[in-house]
Amino acid sequence: MNILEIRTLRGPNYWSGYWKKLIIMRLDIGDYEDKPTDKIKGFYDRLVEVMPSLVTHGCSYKEEGGFLRRVQEGTWAGHAVEHFALELQTLAGMDTGYGRTRETGTKGVYNVVFSYVEEQVGRYAARAAVRLWEALAENRPIDEIKKELADDIQEMREIREDVRFGPSTGSLVEEAESRDIPYIRLNDQSLVQLGYGVHQKRIQATTTVNTNMIAVDLAGDKAATKKLLGDMGIPVPQGYRVRDIEDLESTLEKVGYPAVLKPLDGNHGKGATVGVKTLDEARAAFEKAKEYSRYVIVEQQLLGSDFRALVVNNRLIAVAERVPAHVKGDGKSTVQELIDEINRDPRRGYGHEKVLTQITIDGQTQRCIAKAGYSLESVLKKDEVLHLKTTANISTGGTSIDCTDEVHPRNVFLFERIARIIGLDIAGIDIIAPNVTEPLNENGGGIIEVNAAPGFRMHLAPSEGIGRNVAEHVIDMLFPPGTPSRIPIISITGTNGKTTTTRLIAHIFRNSGRNVGFTTTDGTYIGNQQIVQGDNTGPVSAQLVLKDPTVDIAVLETARGGIIRSGLGFDHCDIGIVTNIAADHLGLKDVNTLEDLARVKSVVPRAVSKKGYAVLNAEDPHVYEMRELTDGNVVLFAMDEHNKNIQRHAKNDGISCVYEDGYVTILKGKWKVRVEKALNIPLTYGARAEFMIQNVLAATLACFVHGVSLEDLRVGLTTFNAGAAQTPGRLNFIEIGDTTVLMDYAHNPAGLTGLVSFVSKLPNKYRTVVINGTGDRRDDDIREFGQLAADNFDRIVIRTGHYLRGREDDELIGLLQEGMKRSKNKPAIRVIKEGPAAIEHAIKNARKGELVVVLADKVAKDLAVIQGFRDEAAAAATAQ
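J.: Please explain the overall build of the chain as it appears in this structure.
T.: Of the regular secondary structure elements, the chain holds 30 helices and 38 strands. With respect to the three principal axes, the spread of C-alpha positions in the chain is 105 × 70 × 60 Å. Buried positions account for 54% of the 880 residues belonging to the chain. A total accessible area of about 37200 Å² is found for the chain, and carbon and sulfur atoms account for 47% of it.

J.: How should I be thinking about the sheet that holds strand S35 (residues 767-771) in this particular structure?
T.: Strand pairing in a sheet relies on backbone hydrogen bonds. The paired strands run either parallel or antiparallel. In spatial order, the strands read S33-S34-S38-S35-S36-S37; together these six strands make up an open sheet with mixed pairing. Each having just a single partner strand, strand S33 (732-736) and strand S37 (828-831) make up the two edges of the open sheet. When strand polarity is set aside, the average angle formed by the axes of neighbouring strands in this sheet is 20°. Two elements, strand S34 (residues 739-744) and strand S38 (residues 851-855), share five bridges in a ladder whose sense is parallel. The residue bridging Met-743 from the neighbouring strand is Val-854, located in S38. Contacts from helix H27 (residues 779-792) reach S35, strand S36 (795-798) and S38 within the one sheet, and its direction differs from that of S35 by about 160°. Against the sheet, helix H28 (residues 809-821) makes contact with S35, S36 and S37, and its axis sits at roughly 165° relative to S36, the strand it touches most.

J.: Just checking my understanding: could you explain the packing of aromatic side chains for this structure?
T.: Both the distance between ring centres and the angle between the ring planes are used here to describe each pair of aromatic rings. Per the counting criterion, the structure on display carries 10 aromatic pairs. Ring centres 6.2 Å apart and planes at 65° place the aromatic pair Phe-165 and Tyr-183 in the edge-to-face group. Taken as a pair, Phe-165 in the loop between helix H5 (142-163) and helix H6 (167-178) and Tyr-183 in strand S5 (residues 183-185) lie far apart in primary sequence, 18 residues in all. Residue classification places Phe-165 among the buried positions, given a relative accessible area of 15%. Among the aromatic residues, those joined into a ring-pair cluster are Tyr-18, Trp-19 and Tyr-98. Positioned above the aromatic ring of Tyr-61 is the side chain of Arg-69, whose terminal nitrogen or guanidinium carbon lies 3.8 Å from the ring centre. The residue whose ring lies beneath Arg-185 is Phe-165, and the NZ or CZ to ring-centre distance is 4.2 Å.

J.: For this particular structure, what's the right way to read the nonpolar core?
T.: In summary, soluble globular proteins display a tendency toward joint burial of nonpolar side chains. Core analysis: the biggest nonpolar cluster contains 70 residues, and Ile-505, Ile-577, Leu-731, Leu-755, Ile-771, Val-853 and Leu-855 have the highest contact counts within it. Counting residues per element, this core draws most heavily on helix H24 (residues 690-705), at 12 residues. Beyond its immediate stretch of four places on either side in the chain, Leu-731 contacts Tyr-685, Ala-689, Phe-691, Met-692, Ala-722, Leu-742, Met-743, Asp-744, Leu-755 and Phe-758. Formed by 47 residues, the second largest nonpolar core is a distinct cluster that contains Ile-6, Met-51, Leu-54 and Ala-92.

J.: Honestly, the pattern of salt bridges in this entry has me stumped. Any pointers?
T.: Under the counting rule described, the total for this entry stands at 49 salt bridges. Put simply, Asp-430 and Arg-322 hold a salt bridge, and the shortest N to O gap is 3.4 Å. Here Asp-430, found in strand S20 (residues 426-433), pairs with Arg-322, found in strand S14 (residues 315-323); they are 108 residues apart in sequence, far enough to count as distant. A single burial state applies to Asp-430 and to Arg-322, both of which are buried. Residue Asp-661 is joined to Arg-674 by a salt bridge in which the shortest nitrogen-to-oxygen separation is 3.6 Å. You can see Asp-661 sitting in the loop between strand S30 (655-660) and strand S31 (663-668) and its partner Arg-674 sitting in strand S32 (residues 671-677), a full 13 residues away along the chain. Residue class for Arg-674 comes out partly exposed when judged on its relative accessible area of 36%.

J.: Looking at this structure, how should I read the environment of Glu-641?
T.: Its place among the elements puts Glu-641 in the loop between strand S29 (633-638) and helix H23 (644-651). The spatial distance from the C-alpha of Glu-641 to the C-alpha of Val-658 is 5.5 Å, given a sequence separation of 17 residues. Only 3.1 Å separates the side chain of Glu-641 from the side chain of Lys-672, close enough to count as a polar contact.

J.: When you look at the sheet that holds strand S10 (residues 259-263) in this model, what are you seeing that I'm missing?
T.: Strand order in the open sheet formed by four strands is S9-S12-S10-S11, with antiparallel pairing between adjacent strands. Either end of the sheet is taken by a strand with one partner, and the two such strands are strand S9 (239-242) and strand S11 (273-276). Within the sheet, the average angular offset between the axes of one strand and its neighbour, ignoring direction, is 20°. Two elements, S10 and S11, share two bridges in a ladder whose sense is antiparallel. When the sheet's bridge partners are listed, Leu-261 is paired in S11 with Thr-273. Set on the sheet, helix H8 (residues 222-231) makes contact with S9, S10 and strand S12 (296-300); between it and S12 the angle comes to about 40°.

J.: Where do I start with unusual backbone geometry in this structure?
T.: Trans is the common state for peptide bonds, and a negative phi is the common state for residues other than glycine. For the bond from Tyr-257 to Pro-258, the omega torsion is -10°, close enough to zero to count as cis. The residue Pro-258 is located in the loop between helix H9 (248-255) and S10 in this model. With a phi angle near 55°, Lys-62 is a residue other than glycine that sits in the positive phi range. Take Lys-62: it is sitting in the loop between helix H1 (43-50) and helix H2 (66-73). A relative accessible area of 77% means that Lys-62 is categorised as exposed. Phi is positive for Tyr-685, which is not a glycine, with a value near 50°. For Tyr-685, the position within the fold is in the loop between S32 and H24.

J.: Looking at this structure, how should I read helix H10 (residues 279-290)?
T.: Side chains of residues three or four places apart in an α-helix project in the same direction, reflecting 3.6 residues per turn. Between the first and last C-alpha of H10 there are 16 Å, a value that for 12 residues agrees with the 16 Å anticipated at 1.5 Å per step. Among the residues of H10, Ala-282, Ala-285, Phe-286, Lys-288 and Ala-289 are the ones counted as buried. Angular distribution of buried residues about the axis of H10 spans 165°; they occupy a single face of the element. For H10, the exposed residues set more than 90 degrees away from the buried face come down to Asp-280 and Ala-284. Those residues of H10 hidden inside the fold are in contact with S9, H9, S10, S11, S12 and helix H12 (363-371).

J.: Sorry if this is basic, but what is going on with the environment of Val-658 here?
T.: For Val-658, the position within the fold is in strand S30. For the pair Val-658 and Asn-643, spaced 15 residues apart in sequence, the C-alpha separation works out to 9.5 Å. For Val-658, the contacting residues outside a window of four places in its chain are Ala-638, Glu-641, Ile-646, Tyr-663, Val-664, Thr-665, Leu-667 and Leu-697.

J.: Honestly, the pairing of strand S2 (residues 22-28) in this entry has me stumped. Any pointers?
T.: Looking down a regular strand, the side chains alternate between one sheet face and the other. Most of S2 is tucked away, with six of its seven residues classed as buried. Pairing of strand S1 (residues 2-9) with S2, which is carried by seven bridges, proceeds in the antiparallel orientation. When the sheet's bridge partners are listed, Ile-6 is paired in S2 with Met-25. Judged from the seven bridges that link them, S2 and strand S4 (residues 109-115) form a sheet pairing that is antiparallel. When the sheet's bridge partners are listed, Arg-26 is paired in S4 with Asn-111.

J.: Explain the packing of H9 against H10 to me, please; I cannot follow it from the model alone.
T.: When two helices pack together, their arrangement is given by the angle between the helix axes and by the axis-to-axis distance. Where H9 meets H10, the axes come as close as 11 Å, and the angle between the chain directions of the two elements is 115°. For the crossing formed where H9 meets H10, the hand is right-handed. Along its contact with H9, which presents Leu-248, Glu-249 and Leu-252, the element H10 presents Leu-279, Ala-282, Arg-283 and Phe-286.

About the thresholds
- Residues numbered from 1 in each chain as written.
- Predicted model: local features only at pLDDT ≥ 70, side-chain atom pairs only at ≥ 80, totals over all residues.
- Heavy atoms only, no water.
- Helix = DSSP H or I, 4+ residues; strand = E, 2+ residues; numbered from the N terminus.
- Buried < 20%, exposed > 50% of the residue type's maximum accessible area, 1.4 Å probe, protein only.
- Areas by Shrake-Rupley, 256 points an atom, 1.4 Å probe, with all protein chains shown as cover.
- Pairing = 2+ DSSP bridges.
- Axes fitted to C-alpha atoms, helices over the stretch in contact; angles between N-to-C directions.
- Contact = heavy atoms within 4.5 Å.
- Phe/Tyr/Trp six-rings, centres within 6.5 Å; stacked < 30°, edge-to-face > 60°.
- Lys NZ or Arg CZ within 6 Å of the ring centre and 35° of its normal.
- Core = buried A, V, L, I, M, F, W, Y, C linked by side-chain atoms within 4.5 Å.
- Salt bridge = Lys/Arg side-chain N within 4 Å of Asp/Glu carboxyl O.
- Polar contact = N/O pair within 3.5 Å; in protein donor to acceptor, adjacent residues only side chain to side chain.
- Expected span 1.5 Å × (residues − 1).
- Arc of directions from axis to C-beta.
- Left-handed = near helix turned anticlockwise from the far one by under 90°.

Here it is, written out as structure tokens:
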């Protein structure tokens, strides 16, 4: 058994309309193709013993025990691995339940598809599932398999804790998602963007874009915080800042015992020690605090319980009592046994996987036990309480009790005033007091710290009392009701015309005053500036645009490769355009037919929001069928206003865009709204380039349904030129002396067919084409490409392209030549492998008035070569 590839889908994809986060494992099961589970002796019994929880998998029977029944009856390795991967994640604390396993065109090779919660864990689960299959199938010792399984589950838990959002960040992201606010994780920690483009707000854990950095620095300096609060009449314990251990004894004489020692700028209880009663204890605590800060705070320990108040946007949201990890004696169990019993509480888990965290026995725990005069083997008296940690943090095994509803009104005022004094939008205020039901200035309580970026876990899921949705108030602060979080997203897919349609739409919106971010096969652009060069039609480039804080509308060319590789780079779009479906890139990644390709491209209309629009080609049957797949509104475009699909749509009062009587026209039911004559639209070259008219129809319709006025549409259409500046590599005419050079990016038979239809309407008597093959096409597609060239040109120069993609250049050239030999036309053919030399030969040997068509390979480089020849010719003519 061999894993050939593991891919991660992170957005809408062609496998599932609901599950966006999927692992695709391409798996060669080898000899197991002939050994389903019922043919492997003892497989079922070993599986049930090792992983009995698989009984919950209903599989195709949709009932408990369904999958195990399939195993008994006989199922293939790929299907079993899918279920193993899902159950492994569940056992590691990440329950997820979507899976599909499908055969590929290669015998014994399967696509094993399953959902994940954390990407790195999902990828690990894929490999672990294969290992489990092999161990079971090879009849390895059961104890050995169980140990490996337990090790894998623990490893997945540890990976999860390393990569997942913490409880606080996770709660904010979940709350945002519940309001349809999108998010993008900006690093592997807790830096997150909520919203898109100009409407984005960033958070880092519980620090937000609104957090005042002076306030953060102030809260981090505990001495300065205490002084400021004390000066403002807030009850705080007496304390001092100490740098040298020589000053410790004199400071303790002023403060008295019991005392608290903590780092000046520590957080989350790190380096803090409470209940210090002797000088020796103080020295040990001092050294511990110095590990985190140059200065140590030595202060009076207030008597009472430990409370945390959370203030968001100057409003008290929650208060919880925090109890350090502890055990309570029963008169017969050892300390170790009591800890083990607590850790068996189903509410406790590893790290942040559950409401409570398991208590670990570390150095601090050992010190606490020793300080009380006990060891792990000691037996506590009945009801005796032994604290195992010096701080009450939930992450170290502590518990919390919600007491929000018990807070005295004067304390509410006090806590909110403290947040204002420090200046924090989200403040965690630490209080020591007998209770919070009485005013602190009456019961002897006081404020010991104010924390920036406070944790939410104790409030979200307290051990006792009701949980508080504190994240709700943070999102309310960042996105008050009615505040937008999204920018319009227009996604363009199809086989041909994507780039031109994308550029035209971007131009129209830019002319109407919008700051457009758009992606194409040529690069990524913000406004008029190219930010990144290259083929930028995948999810990474889409997210670059969505992360830009200046962009107020995104126009995204969305190609097949990115959809297959990772899914879409956004959760849904406002407008999804499908230009056409034609043979291109077939035979790759299990996309072998036009139907397969249409399924991939249909991801875009399926991602259209309910209030959005799917803009579909009514004349392409594969595209037209996509109207059944979208939740959005369907609008159509066609070159023929009498197309039956257009007419049917019009009878239902649908909106369409058609080419009629020389006009680009909007149909609203039976009414016509003529936008502009095609003759006046430069992109159509006097209405001769029909494939460009199709692009204009799609772009016009998309802009119209999005609300662009007719005036802005006309201006945009009539000012968009088909030159190298606005549409590089798309019908670019360059005059070089008596020769006309036409560069175009036609790269498949359908694209070349449209191009030669346009060329046939030009007056040039002689025609030469510079052609190259692309490696990721089927052999027959490359041959057809060559034959089309031979059918329509009298001279052909074949060169080597950059996109060989695993093929040899001689192989591609040979396939092109095979296709050319099929043509009844017999053009002159020359092979010049080096690209610039091939172009130079075609131009310098052109006959008077000849049209030289260069099929672009690397658009920018080819343009530079052609423009260089033009400049040379112009200089020579001037000199002459």
